[in-house]
Amino acid sequence: MAKLIMIHPDKCTGCKNCVVACSYAKEKQFRPAAARVHVYSWEREGISVPMMCQQCNDAPCASVCPTGAMHRVTGSTLIEYDASKCIRCRMCVQACPFGNAVYDSVTDSILKCDTCDDNPSCVAACPVHAIEYVEENVATRSRKKAFAQKFKEAFQEVA
Amino acid sequence: MYGWTGIILRVNLTTGEIKKEPTNLQDAKLFIGARGLASKILTDEIDPKIDPLSAENKLIFAPGPLSGTMAPSMGRYDVVCKAPLTGLLAASNSGGSFGPEIKFAGYDLVIVEGAAKKPVYLWINDDNVEIRDASEIWGKNVPDTTEALRAATDEDAKVACIGPAGEKKVLFASIMNEMHRAAGRSGVGAVMGSKNLKAVVVVGTKPIAVADPEAFEKAVMVARKKITEHPVGGTGLRVYGTDVLTNILNSVGSLPTRNFHEGYFPNADKFGGESLTAKYLTRPRGCFSCIISCGRATKVTNPKYAGEGEGPEYETAWGFGSDCGIDNMDAVVKANFICNELGLDTITMATTIACAMDLYESGFITGKDTGGLAVKFGDADTMLKLVEMTANREGFGDQLAEGSFRLATRYGHPEYSMSAKKQEMPAYDPRGIQGIGLHYATSNRGGCHVRGYTISPEVLGVPFKVDQHATEGKPQLVITFQNLTAALDSTGSCLFTTFGIGAEELAALLSAVTGVTYTVDDFMKAGDRIWNLERLFGLKSAITGKDDRLPDRMSKEPIPAGPSKGEISHLDKMLPEYYTLRGWDSKGVPTPEKLHDLSLA
């Protein structure tokens, strides 16, 4: 069954272990600007949100790509990037509604999450399970259940 | 270049000159980075006798070679300068992402010299560095400053700034980064204010390279595992924050209470970590590369004290709590928020108020001095008012802004200041815990717990338990902790990694990142070298061995009640042995042989 990367901003501490792990996995050095995951923090409220490619089913980056560099292999859940076909027109960068496809001038390539061949480094590095790699059909089950528990407690108090 | 970037950024605010110069790698090997390397540069470049608030002082922002890597919980930096509170070297340590961002911009250190004529901020965008006008944000608090500067530069920029307290040169003003992370102690914010420097804003996109990736990955895995599996580093601090210590210190009768008159506070649980987690915690927060997450995003809903922010740490909860005789947690958390917003060190702020309460109740300060305020132990609302008055140097607050030593001296009773070398002692009673008293008395920045945290073995039993009331063996214990911490601070590591790892793991990480081989002995010797460098500066700038002491109250007034009832500090028994083991003469001066051995002569 297919898996997806699920984020839990309620658990995220803003530590950026995912960011350093990603840049290290891809480049063997620490360059957050080259990470395929970024963490944004709102300090007044103490909330952080990790952001990375959603591997959209109808992916705008693949739709606009004129050379097929950004593409989906039939049957795969991943949007893959083939640098050899890429002409660096950056249409994918323009098209991604999340800002998750990024052009990197250092490597002259498009950076986006490829789930590290089904073994995401960011997930392994997260100390609080704020990023998980889960079966897509049950991805929200634990979140739903956590909310269900709040209802349960409310009902228990009433009863 | 590995670990280190090899470049130092030097900015002169008087002339406007901006220079990039190579890092002296020989010094980098000997002093590592952060606290150590910045202290080496500062002591080489300034006259120890200068006025800390003059343009001759320098302000160094210093991450370490491990900052910015995935070494766990090692993304910290130090702010180093001559300290206005003590006249000693300040190296105030802070977390968040600001230190790593300096590295990503390409710099080992940022040295700020001189003083600007008008308010300015420093904008570092990789190679592009500008001194920009800050007149429109001068006067703003920390969160508003941070947001205004992000709007003016880059929405994700890392901002370290001062609040009104730093602008008004409160002697214990902090520098705050990312709103809630504080380079708190010794008044580094006042030095920044004296330079008319409102903020340093950084964006970096460059890499930090690793010399030996294979060894580094292995060392990271080992360190992560040991820290995560440790009950303190892996669980206690994440669930309860550092404030978990309140009930622990109270249970051993060493929770200083009412300006250190007592060592036990019956209502301590009201401001302990368990209460914090139950009633105030929104979620745990982590600094860059942190796997511990002791940071507390918190909220007070009581309309009278409403606010949100981060904290309190244990020492803050203790200071505004039992040291002021207060058990109102809403007010304690609120006091922490105000300190962060206005840019004040919470420890010196709280203990200076406790000192004022003590002087007032003893009749040495009256309503005439305070502008009519009754400054009494236990009065939370007056405490909160005094925090704001201090940050703005308003009325009686102008006197509190000088810290407890100058306050108590002004009224003829310096013995009421619970300080060592003019910096206030934190939350561990040196009468009930002998080793920490020896550390306070000998610490190179005055009263301070984070440069020789013997609480770990003396109270927590980490890595082994020793008798808190014994003096035997304490001098060596204190020296080992002081040296280890000096080296650890200089790597960029958080002190809390030592709940899990020690010199061996740190030396392995440092060697793998930098490509310079550090054995455990090399690492500990670097710590010894840094400690002696700081001592030499202190002896030239502000102190003699006679200042290695504690307030008289610690040796003359036994703890009156609780589990440590009857105890006093036996500093005199421990100090001579400490000097001998340090390789110092009977006056506390490092011998020529010692300095030669450490390559300091």
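Analysis parameters
- Residues numbered from 1 in each chain as written.
- Chains lettered and ligands numbered in written order.
- Predicted model: local features only at pLDDT ≥ 70, side-chain atom pairs only at ≥ 80, totals over all residues.
- Helix = DSSP H or I, 4+ residues; strand = E, 2+ residues; numbered from the N terminus.
- Buried ≥ 20, exposed ≤ 12 C-beta atoms within 10 Å, placed from the backbone.
- Contact = placed C-beta atoms within 7 Å.
- Pairing = 2+ DSSP bridges.
- Axes fitted to C-alpha atoms, helices over the stretch in contact; angles between N-to-C directions.
- Parallel < 35°, antiparallel > 145°, perpendicular 65-115°, else oblique.
- Left-handed = near helix turned anticlockwise from the far one by under 90°.
- Nonpolar A, V, L, I, M, F, W, Y, C, P; charged D, E, K, R; others polar.
- Domains from an automatic or database assignment.
- Expected span 1.5 Å × (residues − 1).
- Core = buried A, V, L, I, M, F, W, Y, C linked by C-beta atoms within 7 Å.
- pLDDT = per-residue confidence, 0-100.

Undergrad: Hey, could you run me through the overall build of chain B in this one?
TA: When its secondary structure is counted, chain B shows 25 helices and 18 strands. Along the first, second and third principal axes, the C-alpha atoms of chain B reach 60 × 55 × 45 Å. Evaluated residue by residue, chain B yields a buried proportion of 65% over its 601 residues. Sequence-distant contacts in chain B: of pairs separated by 6 or more residues, those separated by 24 or more amount to 71%.

Undergrad: Is there a simple way to explain the sheet that holds strand S9 (residues 158-161) of chain B in this structure?
TA: What holds strands together in a sheet is hydrogen bonding between their backbones, with the strands either parallel or antiparallel. Residues and elements named next belong to chain B. The strand order across the open sheet formed by six strands is S8-S7-S12-S9-S10-S11, and the pairing between neighbours is mixed. The open sheet is flanked by strand S8 (128-133) and strand S11 (181-183), the only strands paired with a single partner. The mean inter-strand angle of the sheet, taken between neighbouring strand axes irrespective of direction, is 20°. Pairing geometry for strand S7 (residues 120-125) and strand S12 (residues 197-203), over six bridges, is parallel. The residue bridging Ile124 from the neighbouring strand is Val202, located in S12. Strands S7, S9, strand S10 (175-177) and S12 of the sheet are contacted by helix H4 (residues 142-152), whose axis makes an angle of about 135° with S9.

Undergrad: Is there a simple way to explain the packing of helix H20 (residues 474-491) of chain B against helix H24 (residues 571-582) of chain B in this structure?
TA: Geometry of a packed helix pair, given as the angle between the helix axes and the separation of the axes. Residue and element names in this part refer to chain B. The interhelical angle for the contact between H20 and H24, taken along N-to-C directions, is 50°, at an axis separation of 8 Å. Comparing their axes, H24 and H20 come out oblique. Between H20 and H24 lies a crossing whose hand is right-handed. Across the interface between the two elements, Lys474, Pro475, Gln476, Val478 and Ile479 from H20 touch Met574, Glu577, Tyr578, Leu581 and Arg582 from H24. Partitioned by chemical class, the residues of the contact of H20 with H24 number six nonpolar, one polar and three charged.

Undergrad: Please explain the domain arrangement of chain B as it appears in this structure.
TA: Residue and element names in this part refer to chain B. Assigned domains of chain B: these are domain 1 (7-203), domain 2 (253-423) and domain 3 (429-597). Here the C-alpha centroids of domain 2 and domain 3 sit 26 Å apart. On the side of domain 3, 26 residues touch domain 2, which itself brings 20 residues to the contact. Tallied by class, the residues present in the side of domain 2 that touches domain 3 amount to ten nonpolar, six polar and four charged.

Undergrad: So what exactly am I meant to see when it comes to unusual backbone geometry here?
TA: Note on backbone geometry: most residues besides glycine have negative phi, and most peptide bonds are trans. Residues and elements named next belong to chain B. A cis amide bond, omega 5°, links Gly311 with the succeeding residue Pro312. Relative to the elements of secondary structure, Pro312 occurs in the loop between strand S16 (307-310) and helix H11 (314-320). For the bond from Val462 to Pro463, the omega torsion is -5°, close enough to zero to count as cis. Secondary-structure assignment places Pro463 in the loop between helix H19 (455-460) and H20.

Undergrad: What's the story with helix H2 (residues 34-45) of chain B in this structure? I'm lost.
TA: Given 3.6 residues per helical turn, the α-helix brings residues three or four places apart onto the same face. Residue and element names in this part refer to chain B. Under the 1.5 Å per step criterion, the end-to-end length of H2 is 16 Å for twelve residues, consistent within 8% with the ideal 16 Å. Burial runs high along H2: nine of the twelve residues are buried. Among the residues of H2, those classed as buried are Ala34, Arg35, Gly36, Leu37, Ala38, Ser39, Lys40, Ile41 and Leu42.

Undergrad: How do you make sense of the nonpolar core when you look at a structure like this?
TA: Soluble globular proteins: nonpolar side chains tend toward being buried together. All names here are of chain B. By size, the foremost hydrophobic cluster in this structure holds 229 residues, and its most contacted members are Ile60, Val201 and Met383. Tallying contributions element by element places helix H13 (residues 346-361) first for this core, with ten residues. Look past the residues within four positions of Met383 in its chain and what remains in contact with it is Phe320, Cys324, Ile326, Ala331, Ala335 and Ile353.

Undergrad: Which parts of the structure should I look at to understand the domain arrangement of chain A?
TA: Interfaces are often described in size by the accessible area the parts lose on coming together. Annotation of chain A at the domain level lists domain 1 (3-52 + 113-158) and domain 2 (55-96). Computed from C-alpha atoms alone, the centre-to-centre distance between domain 1 of chain A and domain 2 of chain A is 24 Å.

Undergrad: Even after reading the chapter, I still don't get the sheet that holds strand S15 (residues 295-300) of chain B, so can you show me in this structure?
TA: Residues and elements named next belong to chain B. Taken in spatial order, the three strands make up an open sheet running S14-S15-S16, and their pairing is antiparallel. Because the sheet does not close on itself, it has two edges, and the strands there are strand S14 (281-285) and S16. This sheet shows a mean twist of 10° between the axes of neighbouring strands, independent of strand direction. Bridging between S14 and S15 involves four bridges; their strand directions are antiparallel. Looking at the pairing, Pro284 lines up with Arg296 of S15. Taken strand by strand, helix H12 (residues 329-342) contacts S15 and S16, and its axis lies near 70° from that of S16.

Undergrad: How should the interface of chain A and chain B be read in this particular structure?
TA: Taken together, the contacts link 23 residues of chain A with 31 residues of chain B. Among the elements of the structure, helix H1 (17-27) and strand S2 (29-30) of chain A are those that each provide at least two residues to the side of chain A that touches chain B. Examining the composition of the side of chain A that touches chain B, we find that four residues originate from one element, H1 of chain A, more than from any other. Its residues placed into classes, the side of chain A that touches chain B shows eleven nonpolar, five polar and seven charged. Sheet topology note: the S2 of chain A/strand S13 (residues 208-209) of chain B ladder contains two bridges and is antiparallel. Across the sheet, Gln29 of chain A pairs through a bridge with Ala209 of chain B, a residue of S13 of chain B.

Undergrad: Help me understand the packing of helix H18 (residues 434-442) of chain B against H20 of chain B in this model?
TA: Residue and element names in this part refer to chain B. Running from N to C, H18 and H20 point in directions that differ by 55°, and their axes come no closer than 9 Å. Classified by the interaxial angle, the pair formed by H18 and H20 is oblique. Relative to H20, H18 is oriented so that their crossing is right-handed. Along the contact surface, H18 presents Gln434, Gly435, Leu438 and His439, while H20 presents Lys474, Pro475, Leu477, Val478 and Gln482. Across the contact of H18 with H20, the residue classes tally to four nonpolar, four polar and one charged.

Undergrad: Can you help me understand the confidence of the model for chain B in this one?
TA: As a note on interpretation, predicted positions should not be read in detail where pLDDT is low. Confidence along chain B averages 98 in pLDDT terms, with 100% of residues attaining 70 or more. For this predicted complex, the interface score ipTM comes out at 0.96, alongside a pTM of 0.97.

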